[in-house]
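Listed below, chain by chain, are the residues.
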Amino acid sequence: MVELLLLVGLAVALFVGFNIGGATTGPAFGPAVGSDAISKTGAAALMSLFFFVGAWTIGRRVVDTLGTELVTDPGVFSIESSIVVLFFIGGALFVGNYYGVPASTSMTAVGAIAGLGVASGELDWAVMGEIAIWWIVAPIVGFWTSGMIGRYLYPRINRWVAIVSTPGPLTELDRSGTIPRPRLGPNTTRREFGGAVVVVAIGCLMAFSSGTSNIANAIAPLVGVGVDIDLLILLGCTAVAVGAFTIARRTLDTLGNDITELPLTAAIIVAIVSSVIVVGLSAIGIPASFVIIATTSIVGLGWGRATRTATLSEVVSGERSPNVSVGALAAEEPGEEVPPIGEEDEDTIPAASDLFDPTTTGRVIVMQNVVPIISTVGAYVAFSVLFRVW
């Protein structure tokens, strides 16, 4: 009977990993796919590889936090309770993937385990409080870091990027020799190719950061039961790869084409800032939501870029109030010169509605909150009933 339940637990863990692959591939490689720098299949392959590297190295620390530290008595992670927890994590994530929205896997997993902890009276409130504090602090750090970059460095970085897409394929195979060799497309410039490489490399960094934080969401409950962590990481990453090659195509469309026309410069900055924060938190065992941190980073970058219309002294004295908008990220083309701080015309900054699709953005925001709530409330109610039966 125990062996059968363990097999069921592994199956549910694989289902969770499958949905993690679907939910995290979009945020990582959406900009690269949307700009035709890489195909969806190529994005899935790179996602699978770098997710595994992140999970196998730093990801173990987050597994320990969720599997052994979040509840005061790891004994509550019986095989039966682990199956229920994983069921709510996977089910809630599937809801987000079904609607093509990359939900926060970390918040969903922590919510399900917290539901178990509260229902059993074994939740370690100190650990939960530490996680919650970082969930508040991390987006703020992302906002202000991106804000300072937007105000003081964005135009300089934008001039450096200066990549313009040309018609035709980015690369093609040269079949003139015995062995086909890749070469630049007929219209591809070296700068354009370099930009594509940068975008793909950023996706790989994001995939790595996802592995450091999200592998725990699929396997932590079973680690609490005593299953070998190395085996679970291998199985979990395999399931993530399957999700990346299949259901992730929906989230790649949402993040790469539907939600935003985020400029390449902004996408690079947001990806780097968000990934560094997530990897840093994972290194100390804190599960973090990449999507939420990235969202606040986009807002912060747009805010910082828009405040360049007024000097710091003018803002402090109240002489001028900058017209703050995320749309400021699209205020100039890559490589275009921008006036110094305080000399830019506010009329040149487009509205945020010119950068974001309001309908899709609203759907993403709603599902980002609904999915973790489904996981948390569902787990709490289920365990409140089951503990009375057991």
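Structure first, text after, so check above.
Residues numbered from 1 in each chain as written. Predicted model: local features only at pLDDT ≥ 70, side-chain atom pairs only at ≥ 80, totals over all residues. Heavy atoms only, no water.

## Here we look at the nonpolar core
Stage number 1. Counting residues in each nonpolar core, the largest one holds 90 residues, and the members touching the most others are Phe29, Phe51, Leu70, Ile89, Ile215 and Ile219.
Stage number 2. At 14 residues, the largest contribution of residues to this core is made by helix H8 (residues 190-225).
Stage number 3. Ile89 has contacts with Val16, Thr108, Ala109, Ala112, Asn217 and Ser375, leaving out every residue within four places of it along the chain. (Core = buried A, V, L, I, M, F, W, Y, C linked by side-chain atoms within 4.5 Å. Buried < 20%, exposed > 50% of the residue type's maximum accessible area, 1.4 Å probe, protein only. Helix = DSSP H or I, 4+ residues; strand = E, 2+ residues; numbered from the N terminus. Contact = heavy atoms within 4.5 Å.)

## Things to note about the pattern of salt bridges
Stage number 1. A full pass over the atoms with the stated rule returns one salt bridge.
Stage number 2. For Asp230, the salt bridge is made with Arg60, and the minimal N-O distance between the two is 2.8 Å. One end of the pair, Asp230, is in helix H9 (residues 229-245); the other, Arg60, is in helix H3 (residues 59-69), and 170 residues separate them in sequence.
Stage number 3. In this structure Arg60 comes out as partly exposed when scored by relative accessible area, which is 22%. (Salt bridge = Lys/Arg side-chain N within 4 Å of Asp/Glu carboxyl O.)

## Things to note about a nonpolar patch on the surface
Stage number 1. Taken together, the side chains of Ile133, Ile136, Val137, Ile140, Val141, Trp144, Met148, Tyr152 and Leu153 make up a nonpolar region of the molecular surface, amounting to roughly 810 Å² of accessible area.
Stage number 2. Along the chain, Val137 turns up in helix H6 (residues 125-152). (Patch = residues over 30% accessible without salt bridge, like charges linked within 9 Å, V, L, I, M, F, W, Y side chains within 5 Å. Areas by Shrake-Rupley, 256 points an atom, 1.4 Å probe, with all protein chains shown as cover.)

## Thoughts on the packing of H6 against helix H12 (residues 290-306)
Describing two packed helices takes the angle between their axes plus the distance from one axis to the other.
Stage number 1. Running from amino to carboxyl end, H6 crosses H12 at an angle of 30 degrees, the nearest separation of the two axes being 7 Å. With respect to each other, H6 and H12 are oriented roughly parallel. Judged by the sense of rotation from one axis to the other, the crossing of H6 with H12 is right-handed. Contact with H6, carried on its side by Ala138, Pro139, Gly142, Phe143, Trp144, Ser146, Gly147, Met148, Ile149, Gly150 and Arg151, involves Ile292, Ile293, Thr296, Ser297, Val299, Gly300, Leu301, Trp303, Gly304 and Arg305 of H12 and no other residues of that element.
Stage number 2. By residue class, the composition of the contact of H6 with H12 is 11 nonpolar, eight polar and two charged. (Axes fitted to C-alpha atoms, helices over the stretch in contact; angles between N-to-C directions. Parallel < 35°, antiparallel > 145°, perpendicular 65-115°, else oblique. Left-handed = near helix turned anticlockwise from the far one by under 90°. Nonpolar A, V, L, I, M, F, W, Y, C, P; charged D, E, K, R; others polar.)

## Notes on the packing of helix H5 (residues 105-120) against H8
Stage number 1. The geometry of H5 relative to H8 is characterised by a closest axis approach of 9 Å and an angle of 35 degrees between their N-to-C directions. In this structure, H5 crosses over H8, and the sense of that crossing is left-handed. For the pair formed by H5 and H8, the contact residues are Thr105, Ser106 and Ala109 on the first element and Ser213, Asn214 and Asn217 on the second.
Stage number 2. Tallied by class, the residues present in the contact of H5 with H8 amount to one nonpolar, five polar and no charged.

## Here we look at the packing of aromatic side chains
Stage number 1. Applying the stated criterion to the full structure yields five aromatic pairs.
Stage number 2. Note on Phe143 and Trp303: the rings are 5.7 Å apart at their centroids and 40 degrees apart in plane angle, and the pair reads as tilted. Separated by 160 residues along the polypeptide, Phe143 in helix H6 and Trp303 in helix H12 bring together distant segments of the chain.
Stage number 3. Within the aromatic cluster, the residues linked to one another by ring pairs are Phe143, Trp144 and Trp303.
Stage number 4. Here Arg60 stacks its cationic end above the ring of Trp56, 4.5 Å away from the centre of that ring. (Phe/Tyr/Trp six-rings, centres within 6.5 Å; stacked < 30°, edge-to-face > 60°. Lys NZ or Arg CZ within 6 Å of the ring centre and 35° of its normal.)

## A word on the pairing of strand S1 (residues 171-174)
Stage number 1. Here S1 runs beside strand S2 (residues 181-184); their pairing, made up of four bridges, is antiparallel. Bridging across to S2, Thr171 finds its partner in Leu184.
Stage number 2. The loop that links S1 with its antiparallel partner S2 comprises six residues. (Pairing = 2+ DSSP bridges.)

## Remarks on helix H11 (residues 264-283)
Stage number 1. Here H11 spans 28 Å end to end across 20 residues, near enough to the 28 Å set by a 1.5 Å rise per residue.
Stage number 2. The element H11 is extensively covered by neighbouring structure, given that 15 of its 20 residues are classed as buried.
Stage number 3. At the exit of H11 stands Gly285, carrying a positive phi of roughly 85 degrees. (Expected span 1.5 Å × (residues − 1).)

## Some remarks on the environment of Gly168
Stage number 1. Mapped onto the fold, Gly168 is located in the loop between helix H7 (154-161) and S1.
Stage number 2. Exposure remark for Gly168: the relative accessible area of 53% places this residue in the exposed category.
Stage number 3. Each C-alpha atom, one on Gly168 and one on Thr188, is 7.8 Å from the other, the two residues being 20 residues apart in sequence.

## Section: H8
Stage number 1. When the terminal C-alpha atoms of H8 are compared, their 53 Å separation across 36 residues agrees well with the 52 Å that a helix rising 1.5 Å per residue should span.
Stage number 2. Maximum bend of H8: about 60 degrees, positioned at Ile219, with proline Pro221 one to four residues after it.
Stage number 3. Counting buried positions along H8 gives 27 out of 36 residues, so the element sits mostly inside the fold. (Bend = angle between axes of the 7 residues up to and from the residue.)

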